[in-house]
Amino acid sequence: MEIGRLPDEILQLAPGTPLREGLDRIVSGHTGALVVLGSNPELEAISTGGFTIDIPFNPTRLRELAKMDGAIVLSSDHARIVAAAVHLSPSSDIETTETGTRHRTAERVAKQVRLPVVTVSASMNTISLFAGAGRQVVPRPDELLDRVGQALSAIQGNRTRLNASLDRLTSLEVHDAVTLRDLAHVAQRFELTNRLADEATSYITAMGLDGRLAALQLRDLVDDLTPVSSLVERDYVAEDAEAMPFAGLSRLDDQELFDIVLVARSLGFPPGRHLDSPMQPRGYRQLASIPRLPASASGQLVRAFRDLNGLFSASTADLLAVEGVTQAIAHQVRDGLAHIAERALAG
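Residues numbered from 1 in each chain as written. Predicted model: local features only at pLDDT ≥ 70, side-chain atom pairs only at ≥ 80, totals over all residues. Heavy atoms only, no water.

Enquirer: Looking at this structure, I do not really get the overall build of the protein. What am I missing?
Expert: Within the protein, the regular secondary structure consists of 15 helices and eight strands. For 347 residues, the compact-globule formula gives about 20 Å, and the C-alpha radius of gyration of the protein, at 28 Å, lies well above that figure. Reported as C-alpha extents along the three principal axes, the dimensions of the protein are approximately 85 × 40 × 35 Å. Taken over 347 residues, the protein has a buried fraction of 47%. Put simply, 66% of the contacts in the protein that link residues at least 6 apart link residues at least 24 apart. Positive and negative side-chain charges of the protein, numbering 34 and 44 respectively, have mean locations separated by a distance of 3 Å. (Helix = DSSP H or I, 4+ residues; strand = E, 2+ residues; numbered from the N terminus. Rg over C-alpha atoms; globule rule 2.2 N^0.38 Å. Buried < 20%, exposed > 50% of the residue type's maximum accessible area, 1.4 Å probe, protein only. Contact = heavy atoms within 4.5 Å. Lys, Arg positive; Asp, Glu negative; His and termini not counted. Charge placed at Lys NZ, Arg CZ, Asp CG, Glu CD.)

This is how it looks when you write it as structure tokens:
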């Protein structure tokens with residue numbers, strides 16, 4: 001099954017919502033339906049017949065009104081049923097790829113009046129959404145669960161590779177051997193994980209109340225991504241720049257994201273900067289890994305010693321010379337950096 005982010009309009013039809021309950025009742029009753037989600041002057045101009053009811057929405061009413069011919073019109077917030085048994089006459093000049101009468105009308109209406117239109121197929125027992133360009137079949141709960149499982153599995157695998165990339169980056173930092181290529185690979189892993197998380201989020205949202213457990217699993221997998229990526233950005237930002245924007249990678253499509261040269265350029269480094277050119281981390285990420293070290297002290301230390309090499313070389317006396325660094329903090333830093341170096345060398 002193809003994995004891709006679901007349109008926002010489908011998220012409004014999540015299981016557990018009153019609208020989805022009403023649509024599911026229509027499916028269970030083997031009745032077709034055409035429901036317009038909202039009203040505007042353009043819709044009124046192509047509407048004839050039917051009757052205005054303007055009553056509060058509930059699933060049972062939607063199910064009963066679907067037994068009649070014609071379209072049902074809801075308010076834009078789905079809180080009221082505006083009209084029922086409405087005959088819609090969209091322009092026949094509007095192209096449509098659909099063959100069934102109900103679906104052809106739905107696609108043309110959605111394109112002409114720029115409102116989402118939902119259809120229920122009596123023969124196929126499916127719910128479809130037309131929102132502008134074409135039709136999206138609304139996934140069943142079991143299909144969504146399958147997609148969520150695939151997405152979470154993909155995130156778990158990519159997160160494992162990201163963690164390995166970060167461990168390798170630490171080892172290279174200790175050996176003063178980081179290159180732009182290494183940094184670009186780490187940034188690439190962050191972006192891949194973020195994209196998978198965005199897709200998983202859309203599936204989980206579409207599951208409605210049934211997605212609570214999956215939401216907790218996703219949070220456990222990615223909750224620390226933002227703070228860790230921010231530390232890497234602060235470590236490698238150019239001196240004349242305010243930030244090294246990992247967010248710039250979002251402009252790359254999926255194929256471009258696997259071009260490490262494009263990734264490096266999207267991080268803001270000039271075309272003349274070779275991928276094997278050395279990079280010097282400031283040390284924010286390594287200092288953040290030291291337990292109970294105040295963030296204010298980390299900032300002072302980086303400003304004083306400029307980079308991670310300077311921090312590794314600093315003696316206790318050098319550390320104590322920095323404003324705000326106490327004897328306890330100096331020992332924390334020395335012991336913490338020594339532990340990081342030992343782990344890197346052992347690996």
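Enquirer: What's the story with the layout of surface pockets in this structure? I'm lost.
Expert: Which parts of space are left empty comes out when a probe the size of a water molecule is rolled across the atoms. Of the pockets and cavities examined, the largest pocket occupies roughly 390 Å³. Mapped onto the lining of the largest pocket, the elements with two or more residues apiece are helix H6 (141-174), helix H9 (225-236), helix H11 (284-288) and helix H15 (327-346). For the lining of the largest pocket, the element with the most residues is H6, which contributes six residues. Partitioned by chemical class, the residues of the lining of the largest pocket number five nonpolar, six polar and five charged. (1 Å grid on protein atoms, 1.4 Å probe; cavity = no way out; pocket = protein on both sides within 12 Å on 5 of 7 lines; lining within 4 Å. Points joined across faces, edges and corners; volume = space filled by probe spheres on them. Nonpolar A, V, L, I, M, F, W, Y, C, P; charged D, E, K, R; others polar.)

Enquirer: In this structure, what is going on with the packing of aromatic side chains? I would like to understand it.
Expert: The geometry of two aromatic rings is summed up by the distance between their centres and the angle between their planes. Following the criterion strictly, the structure yields one aromatic pair and no others. Relative to Phe246, the ring of Phe190 has its centre 5.8 Å away and its plane inclined at 40 degrees; by these criteria the two rings are tilted. One end of the pair, Phe190, is in helix H7 (residues 180-206); the other, Phe246, is in the loop between H9 and helix H10 (260-266), and 56 residues separate them in sequence. With relative accessibility at 8%, the residue Phe246 sits in the buried group. Above the face of the Tyr284 ring, Arg234 is positioned so that its terminal group lies 3.8 Å from the ring centre. (Phe/Tyr/Trp six-rings, centres within 6.5 Å; stacked < 30°, edge-to-face > 60°. Lys NZ or Arg CZ within 6 Å of the ring centre and 35° of its normal.)

Enquirer: Help me understand the side chain of Glu191, please; the structure alone is not making it clear to me.
Expert: Looking at the secondary structure, you find Glu191 in helix H7. Discounting chain neighbours no more than four positions away, the residues touching Glu191 are Phe246, Leu249, Ser250 and Leu257.

Enquirer: Could you clarify how one ought to interpret the packing of H7 against H9 in this entry?
Expert: Two numbers describe a pair of packed helices, the interaxial angle and the distance between the axes. At a closest axis distance of 11 Å, the pairing of H7 and H9 adopts a crossing angle of 155 degrees. Considering the angle they form, H7 stands roughly antiparallel to H9. Judged by the sense of rotation from one axis to the other, the crossing of H7 with H9 is left-handed. For the pair H7 and H9, the contacting residues are Leu183, Phe190, Thr193 and Asn194 in the first and Leu225, Val228, Ser229, Val232 and Tyr236 in the second. A class-by-class count of the residues in the contact of H7 with H9 yields six nonpolar, three polar and no charged. (Axes fitted to C-alpha atoms, helices over the stretch in contact; angles between N-to-C directions. Parallel < 35°, antiparallel > 145°, perpendicular 65-115°, else oblique. Left-handed = near helix turned anticlockwise from the far one by under 90°.)

Enquirer: Help me understand the pattern of salt bridges, please; the structure alone is not making it clear to me.
Expert: Between side chains of opposite charge, pairing is possible as soon as their charged atoms come close. Under the defined criterion, the tally for this structure stands at 15 salt bridges. Residues Arg140 and Asp142 are paired through a salt bridge, measuring 3.2 Å at the closest nitrogen-oxygen approach. The exposure class assigned to Arg140 is partly exposed, which follows from its relative accessible area of 43%. The partner of Arg140 in a salt bridge is Glu143, with the nearest N and O atoms 3.3 Å apart. Each of Arg140, Asp142 and Glu143 takes part in salt bridges that share partners, so that together they form one network. (Salt bridge = Lys/Arg side-chain N within 4 Å of Asp/Glu carboxyl O.)

Enquirer: Where do I start with H9 in this structure?
Expert: Because the α-helix completes a turn every 3.6 residues, residues three or four places apart line up on one side. Look at H9: 17 Å from first C-alpha to last across twelve residues, which is about the 16 Å you get at 1.5 Å a residue. Every buried residue of H9 is listed here: Leu225, Ser229, Leu231, Val232, Glu233, Asp235 and Tyr236. In this structure, the buried residues of H9 make contact with H6, H7, helix H8 (212-222) and H11. (Expected span 1.5 Å × (residues − 1).)

Remember that the coordinates give geometry; whether it matters functionally is a separate question.
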